[in-house]
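Structure at a glance
So the chains spell out like this:
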Amino acid sequence: MDQQIFDIAIVGGGFSGTLVAAHLLGQSAGPLRLALFEAQPEQSGLGVAYSTVDRCHLLNVPAGNMSALPDWPDHFLDWAQRQTDLIDPPWVTAVDALAYLPRRAYGMYLRSLLDQAEQGAGPAIELARCIDEITAITHREGRVVLQTAAGSFVAARQVVLALGNFRPRDPAIDTPDFYQDSRYQGSPWSPQALADVAKTNACLLIGAGLTMADWALALSRSGYQGTIHVLSRRGLWPAAHRPYRPVAFDSRLRDEPSTVRRLLRLIRSGVDSEEGDWRAVIDGLRPHSQAIWSALPLVEKRRFLRHLRHYWDLHRHRVAPVVEGSLDQLLRSGRLLRHVGRLQSFAQSADGITVSYRPRGRTIPETIQVDAVVNCSGSESDYRKLDSPLVRSLLEQGLARPDPLHLGLDVAANGALLGTDGIPSQQLFTVGPPKKGMLWETTAVPEIRCQAAELAQTLLIS
Ligand SMILES: Cc1cc2nc3c(=O)[nH]c(=O)nc-3n(C[C@H](O)[C@H](O)[C@H](O)COP(=O)(O)OP(=O)(O)OC[C@H]3O[C@@H](n4cnc5c(N)ncnc54)[C@H](O)[C@@H]3O)c2cc1C
């Protein structure tokens, strides 16, 4: 078999994979042969979050906290302030530490970071950027062999799985055949999806989180004249950032709360104190989130997921104030209608789609007429349910296993995958969202940038 051989192969060219690659290029004394695989050409060096081209899709973290480099806090802000085209009212009116800049701009920043790392790398250090999906991984003669969708094989000494965010799970309904209908958009981040839905007279967005906000704003900006229906189970709605006075938890957190009840008490005491609003409390807990999560027994973590997860997500992941304002305008104009209840079925006809749902607290179903349905219900993290051939290959061979809460993969502290035998792999590692079961707070830039730098070091010394 004719096979290319690399020292390290990274699977996934989003923020996590790109950043690990940049650190490896920057930190290695060489020689080093590195491959970076990305399945979707338009996501190469950008990933799901930063490949959008829509200027109303803003970062949900202020520019001052979006540096990709943990030791250089203003790195992104400095880069952004050198760009000449970021001011774009009403979305961006200033480029300062508190600004919520377009996600597309962040993607450009990431690409420039990798380009610079490649240009600055020593002569014996090579990066191969490959547009191909990895569909299977096997071990052979001390190496990892990666099979690609295009039918080739490459070998590597070590592999980083930077697989990131997967499309949402299709909600359980009485009529699952509907999910084959071309009017159903199951992948909300697919580049073609918006153009298809924008042609309709009415659409349904399932879920009322940040992806719903992205869709509602992008449809509105595209000149959509139809009605946007939003259906959510609990009636929660995105909260916005506001300035606040920070709450410092250091003195109160000598011991992490060991139950969800104690955690709630801690949050309530923070909110009741005169120090700030709930945003200050949630953000004040952020540096402690991983330690709090680790200290909770499994049964308490499950309790948190059952009762508090959606409320935590709502308060923790907030939109820029301008996004909140645009959503309010859509609501006030009657072009966006909110429904609260559980989805039951879809009935298709040539004229449209009848959506049936059971309103919260009621028994008699109601219906909505639409022409398209978009699943905005959030990334699937249960690896047993993913339709990724690579993930199936890893699980079937016992090279990886889901974490006990099914939030991602079971990993050691350094990101090494645990196989079914529970032994940390010397060759397979992961970074970012797949570590959610272990860390909980691991899906956003401030956490991933530290993991990426540390993982690069681990790989280079092993
Ligand atoms: C819409 C959205 C907006 C967000 N906004 C913010 C924000 O403003 N601030 C913030 O801090 N965080 C934000 N996040 C969180 C985000 O998860 C992280 O910031 C970060 O982008 C995660 O990067 P990643 O590389 O781990 O995952 P991804 O961006 O999902 O990248 C993973 C990549 O791996 C590729 N891939 C997967 N499997 C294979 C395979 N088998 N072979 C080859 N390639 C493969 C995928 O195609 C994808 O491009 C956002 C997330 C989303 C979904």
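Quick caveat: nothing in here was measured; it's all calculated off a predicted structure. (Residues numbered from 1 in each chain as written. Predicted model: local features only at pLDDT ≥ 70, side-chain atom pairs only at ≥ 80, totals over all residues. Heavy atoms only, no water.)

As a further point, take the domain arrangement of the chain. Assigned domains of the chain: these are domain 1 (4-166 + 381-461), domain 2 (176-239 + 318-375) and domain 3 (250-316). Summarising the inter-unit geometry, the C-alpha centres of domain 1 and domain 2 are found 31 Å apart. The partner domain 2 presents 14 residues to the 14 residues of domain 1 that form the contact. Carbon and sulfur atoms supply 65% of the area that domain 1 and domain 2 bury against each other, a total of about 1200 Å² over both sides. The largest per-residue losses of area from domain 1 upon contact with domain 2 belong to Cys56, Asn60 and Trp91, which jointly make up 34% of the total buried on that side. Linking domain 1 with domain 2 are two salt bridges. With a closest N to O distance of 2.7 Å, Arg103 and Asp214 form a salt bridge. (Domains from an automatic or database assignment. Contact = heavy atoms within 4.5 Å. Buried area = accessible area lost by both parts, 1.4 Å probe. Salt bridge = Lys/Arg side-chain N within 4 Å of Asp/Glu carboxyl O.)

As a further point, take the site of the ligand. What surrounds the ligand is a group of 35 residues, the closest being Ser16, Glu38, Gln43, Tyr50 and Asn60. Interatomic distance of 2.6 Å between a side-chain N/O atom of Ser16 and an oxygen atom of the ligand. When the ligand sits alone it has 990 Å² of accessible area, and the protein chains cover 93% of it. Per-element tally for the shell around the ligand: the top contributor is helix H14 (residues 445-461), with three residues. For the shell around the ligand, the class distribution of residues is 20 nonpolar, 11 polar and four charged. (Near = heavy atom within 4 Å. Polar contact = N/O pair within 3.5 Å; in protein donor to acceptor, adjacent residues only side chain to side chain. Areas by Shrake-Rupley, 256 points an atom, 1.4 Å probe, with all protein chains shown as cover. Helix = DSSP H or I, 4+ residues; strand = E, 2+ residues; numbered from the N terminus. Nonpolar A, V, L, I, M, F, W, Y, C, P; charged D, E, K, R; others polar.)

Our focus in this paragraph is the sheet that holds strand S13 (residues 372-375). Remark on secondary structure: sheet strands pair via backbone hydrogen bonds, oriented parallel or antiparallel. Pairing is mixed in the open sheet, where seven strands are placed in the order S7-S13-S8-S9-S10-S11-S12. Both outer strands of the open sheet, strand S7 (184-185) and strand S12 (366-370), are each paired with one neighbouring strand and no more. (Pairing = 2+ DSSP bridges.)

In this sheet, S12 lies alongside strand S11 (residues 352-359) in antiparallel orientation, the contact comprising five bridges. Looking at the pairing, Ser356 lines up with Thr367 of S12. Hairpin connection between S11 and S12: a loop of six residues separates the two successive antiparallel strands, and Gly361 in this loop has a positive phi of roughly 80 degrees.

Counted according to the given criterion, the structure contains 22 salt bridges. With its nearest N and O atoms 2.5 Å apart, the salt bridge here joins Asp170 to Arg167. The class of Asp170 is partly exposed, set by a relative accessible area of 28%. When the shortest N-O distance is used, the salt bridge between Lys385 and Asp382 registers 3.7 Å. According to the relative accessible area criterion, Lys385 is partly exposed, its value standing at 47%. Residue Asp382 is classed as buried on the basis of its relative accessible area, which comes to 4%. Ionic contacts of the salt-bridge type, sharing partners, join the residues Arg286, Arg316, Glu441 and Glu447 into one network. (Buried < 20%, exposed > 50% of the residue type's maximum accessible area, 1.4 Å probe, protein only.)

On to the environment of Arg55. Considering the arrangement of structural elements, one finds Arg55 in the loop between strand S2 (32-38) and helix H2 (75-81). By relative accessible area, Arg55 is classed as partly exposed at 43%. For the pair Arg55 and Glu366, spaced 311 residues apart in sequence, the C-alpha separation works out to 36 Å. With residues up to four places along the chain from it excluded, the contact list for Arg55 reads Asp88, Trp91, Pro102 and Arg221.

Attention now goes to the nonpolar core. Within the largest apolar cluster, 82 residues are counted, with the highest numbers of intra-cluster contacts made by Ile10, Phe76, Leu101, Tyr106 and Leu205. The residue makeup of this core includes at least three contributed by each of domain 1 (4-166 + 381-461) and domain 2 (176-239 + 318-375). Leaving out residues up to four positions away in the same chain, Leu101 has contacts with Leu58, Leu59, Ala63, Phe76, Ala80, Leu86, Val92, Ala94 and Val95. (Core = buried A, V, L, I, M, F, W, Y, C linked by side-chain atoms within 4.5 Å.)

Moving on, we come to a positive patch on the surface. Where like charges cluster on the molecular surface, the positive patch consists of Arg233, Arg342, Arg358 and Arg360. Following the sequence through the fold, Arg360 ends up in the loop between S11 and S12. Judged by relative accessible area, Arg360 falls into the exposed class, the value being 52%. (Patch = residues over 30% accessible without salt bridge, like charges linked within 9 Å, V, L, I, M, F, W, Y side chains within 5 Å. Lys, Arg positive; Asp, Glu negative; His and termini not counted. Charge placed at Lys NZ, Arg CZ, Asp CG, Glu CD.)

Next up on the list: the environment of Ala347. Mapped onto the secondary structure, Ala347 falls in strand S10 (residues 336-349). Separated by 170 residues in the primary sequence, Ala347 and Asp177 place their C-alpha atoms 10.0 Å from one another. When neighbours within four sequence positions are excluded, Ala347 is seen to be in contact with Gly352, Ile353 and Thr354.

Tracing the sequence through the fold places Leu58 in the loop between S2 and H2. Sequence-wise, Leu58 and Ala202 are 144 residues apart; in three dimensions their C-alpha atoms are separated by 25 Å.

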